[in-house]
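Each chain, letter by letter, is given below.
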2 protein chains.
Amino acid sequence: MSKREFVVVGQDGADACCPGLLGAPLGEERAVELAKVFKALGDPVRLRLLSMIASRAGGEVCVCDLTAAFELSQPTISHHLKLLRQAGLIDCERRGTWVYYWLLPEMMNKLAGMLARPADAVEVVS
Amino acid sequence: MSKREFVVVGQDGADACCPGLLGAPLGEERAVELAKVFKALGDPVRLRLLSMIASRAGGEVCVCDLTAAFELSQPTISHHLKLLRQAGLIDCERRGTWVYYWLLPEMMNKLAGMLARPADAVEVVS
DNA sequence: CCCCCATATTGAAGTTCTTCGATCCAAGAC
DNA sequence: GTCTTGGATCGAAGAACTTCAATATGGGGG
C-alpha cells in the first residue's frame, strides 16, 4: 500500500464555496451537504420538474401545470417539489388559490462552479 | 388549472448535450440518463472519492490510498468506485497488483454545462 | 506449484426512497 | 356559514440503496 495521505481543505466557513470538487479533497461535512443537493437532482422526475421551472419564460410555474405534465399522483409531485425546495434549488409562494414555484439560480451556479475545473470555475457571471 | 402545455425539446441524439437543464424542459429519456449521473454524485462517500481522484496531482490514485482514507470496509469502497465508473465519471486500469483510478473530465464538463445558465454554458474551455 | 496480497463480487441485513390513497388545510364562490 | 378546488401532509407498501462478512479473482514471489 503506497503510504500517501490526503490533506483535507474543505469547510472554509459556512457558505464559502470555492475550491470546487476538483481542486482539493472534500471534507466530510461539505461532502454531506453537497451530496444532499446532488441527491435532489438524482431523480428523473425532479430533474424534469426543475427543468420545467427553470425554462419557463416568466420565471414562475404554477403547481397545477407541473402536476398535469406527469402521470404521477399530485402528492408525489408535491413531495418532489418539497425535496427540491429543501435542497435550496427552488422556492415557492402561494398567491390566492395557486402556488407558484421559481428557480433559485444561486444554487445552480454554485453547483456548476463545484463541477467546473479550477481554471474554469472563476467565470460565474451573475 | 391554467391550460398551458410544455413542449419537450430533449433527446437531440445520443450525446448532444446542449440545451441544458435551464433552457428547455428535459425529455424523459434524457432526464433518466442525467439522473443516473447525479445520483452517483448524491452520496458523501462518492463525492469525497471523486474529489480525491480529481484533485490528485498525477491524475491517478491507487485504490489502496482511497480505501485507507475512510473508515469503511474495502468492499464498500469498491462498490462506490464501481458506481462512479458506471456513471462515466471515472475510469480505471490494473497495473500489476494495484488498480488505479482517474477522472473523466468530459462528464464533469457536460454536467457543469447542464447546470449553467444558457448564456454561461457556451464557455467550456477544453 | 502454492501462498500471499490487492480488488472485485456475492449475499444478506438494515435503512432510505418513491409512490400511492386518504386526509387535512387555505382561499375563493355561493 | 357551507361547498369546491388547489395543494400539502400522513401512513403504508414496495423498491432501491448502503454496508458488511465471506468468498472469488488476478498477479507477483518463493
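Counting restarts for each chain, with residues numbered from 1 along the sequence as it is written. The order in which chains are written sets their letters, starting at A; the order in which ligands are written sets their numbers, starting at 1. Given that this is a predicted model, residues contribute local features only at a pLDDT of at least 70 and side-chain atom pairs are listed and counted only at 80 or more, while totals for whole chains, interfaces and linings are drawn from all residues. Hydrogens and water molecules were not included; the side-chain quantities draw on all heavy atoms of the structure.

Chain A is annotated in an unreviewed UniProt entry as Transcriptional regulator from Streptomyces inhibens.

Can you walk me through the side chain of Thr67 of chain B in this structure?
All names here are of chain B. Every helix listed is a DSSP run of H or I at least four residues long, and every strand listed is a run of E at least two residues long, numbered separately from the N terminus. As for its placement among the helices and strands, Thr67 is situated in helix H4 (residues 63-68). A relative accessible area of 17% places Thr67 in the buried class. If near-sequence neighbours (up to four positions away) are discounted, Thr67 is found in contact with Gln74 and Ile77. Partly exposed residues are those whose accessible area sits between 20% and 50% of the maximum for their type, while under 20% is buried and over 50% is exposed, using a 1.4 Å probe and protein chains only. Throughout, a residue-residue contact means that at least one pair of heavy atoms, one from each residue, lies within 4.5 Å.

For this particular structure, what's the right way to read the sheet that holds strand S3 (residues 98-103) of chain A?
The strands that make up a sheet pair up through hydrogen bonds in the backbone, lying either parallel or antiparallel. Residue and element names in this part refer to chain A. Here three strands make up an open sheet; going across it, the order is S1-S3-S2 and the pairing antiparallel. Across the chains shown, the open sheet's two edge strands, defined by having one partner strand only, are strand S1 (60-62) and strand S2 (90-95). When the angles between neighbouring strand axes are averaged without regard to direction, this sheet yields 30°. Where S1 meets S3, three bridges bridge the pair, whose relative direction is antiparallel. Within S3, the residue paired with Glu60 across the bridge is Trp102. Of the strands in this sheet, S1, S2 and S3 touch helix H3 (residues 44-55), which is tilted by about 90° from S3. Interaxial angle, 0 to 180 degrees, is taken between N-to-C directions of lines fitted to C-alpha atoms, where a helix line uses only the stretch in contact. Sitting on the sheet, helix H5 (residues 74-86) touches S2 and S3, and the angle it makes with S2 is about 120°. Here a strand pair is declared whenever DSSP counts at least two bridges between the two strands.

What is the right way to read the interface of chain A and chain B from this model?
How big an interface is tends to be stated in terms of accessible area lost as the parts join. At the junction of the two partners, chain A supplies 47 residues and chain B supplies 48 residues. The term salt bridge refers to a side-chain nitrogen of Lys or Arg lying within 4 Å of a carboxyl oxygen of Asp or Glu. Counting every contact that joins chain A to chain B gives two salt bridges. The salt bridge partner of Arg48 of chain B is Glu28 of chain A, with a shortest N-O separation of 3.7 Å. Throughout this description, a polar contact denotes any pair of N or O atoms lying within 3.5 Å of each other; where both atoms belong to protein, one of them has to be capable of donating a hydrogen while the other can accept it, and for residues adjacent in sequence the pair is counted only when both atoms sit in side chains. Across the contact surface, chain A and chain B share six residue pairs in polar contact (both at pLDDT 80 or more). Contributing elements (two or more residues each) for the side of chain A that touches chain B: helix H1 (20-23), helix H2 (28-41), H3, helix H4 (63-68) and helix H6 (105-115) of chain A. When residues are grouped by polarity, Ala, Val, Leu, Ile, Met, Phe, Trp, Tyr, Cys and Pro land in nonpolar, Asp, Glu, Lys and Arg in charged, and all others, Gly among them, in polar. For the side of chain A that touches chain B, the per-class residue count stands at 30 nonpolar, eight polar and nine charged.

Before we go on, may I ask you to explain the protein's contact with DNA strand D in this structure?
Surveying the vicinity of DNA strand D reveals 25 residues, the closest of which are Gln74, Ser78 and Tyr101 of chain A together with Thr76 and His80 of chain B. Nearness of a residue to a molecule or strand requires only that one of the residue's heavy atoms be within 4 Å of it. Protein-proximal atoms of DNA strand D, defined as those within 4 Å of the protein, fall in sugar or phosphate at a share of 68%. When contributions to the surface near DNA strand D are tallied by element, the ones reaching two or more residues are H4, H5 and S3 of chain A together with helix H5 (74-86) of chain B. Counting residues per element, the surface near DNA strand D draws most heavily on H5 of chain B, at five residues. Looking at the surface near DNA strand D residue by residue, the class counts come to eleven nonpolar, eight polar and six charged.

What's the story with the packing of aromatic side chains in this structure? I'm lost.
Aromatic ring pairs: the centre-centre distance and the angle between the two ring planes describe each pair. Any two rings among Phe, Tyr and Trp, with Trp reduced to its six-membered ring, count as a pair given centres within 6.5 Å; such a pair is stacked if its planes are under 30 degrees apart, edge-to-face if over 60, and tilted if neither. Evaluation of the coordinates by the stated rule reveals one aromatic pair over all chains. Their ring planes at 15° and their centres at 6.1 Å tell us that Phe38 of chain A and Phe38 of chain B sit as a pair that is stacked. Highlighted residues: Phe38 of chain A in helix H2 and Phe38 of chain B in helix H2 (residues 28-41), drawn from two different chains. Put simply, a charge is over a ring when the Lys NZ or the Arg CZ is close to the ring centre, within 6 Å, and near the line of the ring normal, within 35 degrees. Here the guanidinium or amino end of Arg95 of chain A rests over the ring plane of Tyr100 of chain A, the centre of that ring lying 4.6 Å away.

When you look at the environment of Arg95 of chain A in this model, what are you seeing that I'm missing?
All names here are of chain A. Within the fold, Arg95 resides in strand S2. On the basis of relative accessibility, which here comes to 35%, the residue Arg95 falls in the partly exposed class. A sequence separation of 33 residues divides Arg95 from Cys62, and the C-alpha atoms of the two residues are 9.9 Å apart. The residues touching Arg95, leaving out its near neighbours within four places in the chain, are Glu60 and Tyr100.

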